[in-house]
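Structural overview for review
So the chains spell out like this:
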Amino acid sequence: MPERRQVSGGGRVTRRPLRVVEVTGPSMVPTLYHGDLLLVQYGAPVSPGDVVILRHPFQQDLLVVKRATERRPGGWWVRGDNAFAGGDSTDYGTVPEELVLARVRARYRPLAKGQRSVTAVLGWAVSALRPVRSASSRLRAR
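A brief look at the structure comes next. (Residues numbered from 1 in each chain as written. Predicted model: local features only at pLDDT ≥ 70, side-chain atom pairs only at ≥ 80, totals over all residues. Heavy atoms only, no water.)

1. Some thoughts on the environment of Leu111
Topologically, Leu111 is positioned in the loop between strand 7 (100–108) and helix 2 (118–127). Distance in space between the C-alpha atoms of Leu111 and Trp124 is 6.7 Å, their sequence separation being 13 residues. Setting aside anything within four residues of it in sequence, one finds Leu111 in contact with Arg116 and Trp124. (Helix = DSSP H or I, 4+ residues; strand = E, 2+ residues; numbered from the N terminus. Contact = heavy atoms within 4.5 Å.)

2. Topic: the pattern of salt bridges
Enumeration according to the criterion identifies six salt bridges in this entry. One salt bridge connects Glu70 with Arg72, and the closest N-O pair in it is separated by 3.2 Å. Glu70 gets classed as partly exposed once you look at its relative accessible area, which sits at 31%. The exposure class assigned to Arg72 is partly exposed, which follows from its relative accessible area of 27%. (Salt bridge = Lys/Arg side-chain N within 4 Å of Asp/Glu carboxyl O. Buried < 20%, exposed > 50% of the residue type's maximum accessible area, 1.4 Å probe, protein only.)

3. Some words on the layout of surface pockets
Approximately 220 Å³ is the volume found for the largest pocket. What lines the largest pocket is simply Val21, Glu22, Val23, Thr24, Gly25, Pro26, Ser27, Leu38, Ile53, Leu63, Val64 and Val65. Residue assignment for the lining of the largest pocket shows that the elements contributing at least two residues are strand 2 (13–22) and strand 5 (63–72). A per-element tally of the lining of the largest pocket places strand 5 first, with three residues. Residues that form the lining of the largest pocket fall into these classes: eight nonpolar, three polar and one charged. (1 Å grid on protein atoms, 1.4 Å probe; cavity = no way out; pocket = protein on both sides within 12 Å on 5 of 7 lines; lining within 4 Å. Points joined across faces, edges and corners; volume = space filled by probe spheres on them. Nonpolar A, V, L, I, M, F, W, Y, C, P; charged D, E, K, R; others polar.)

As structure tokens, then:
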């Protein structure tokens, strides 16, 4: 498991482990697709617009990926980028801070089985690894 070391105030070294997770389901389309691999950093600070990994508030053995849109009393308001998929704070309300586990740093889209031509492979190479950026500053929770 890769780890990143950071020096915090007072000269202490803190570890923020990086892990790879796989996306399943359509709730973050068009930002993330089923089968995408994510590089996530556990314990990283979260800001509005960040894509995060969290424990589902009602089924805590289930990890979900959503966009943290707004900090509210009691935690984070999270939304999926696909408004038609559901399964976000509009269903279960504010997510407590302790259930937000990691921040997504990058997305890797694996090469599809049918992509064999030079053009397809070059197109894949250009788009396969991308940082997952924060959404527009105009993003608001509904």
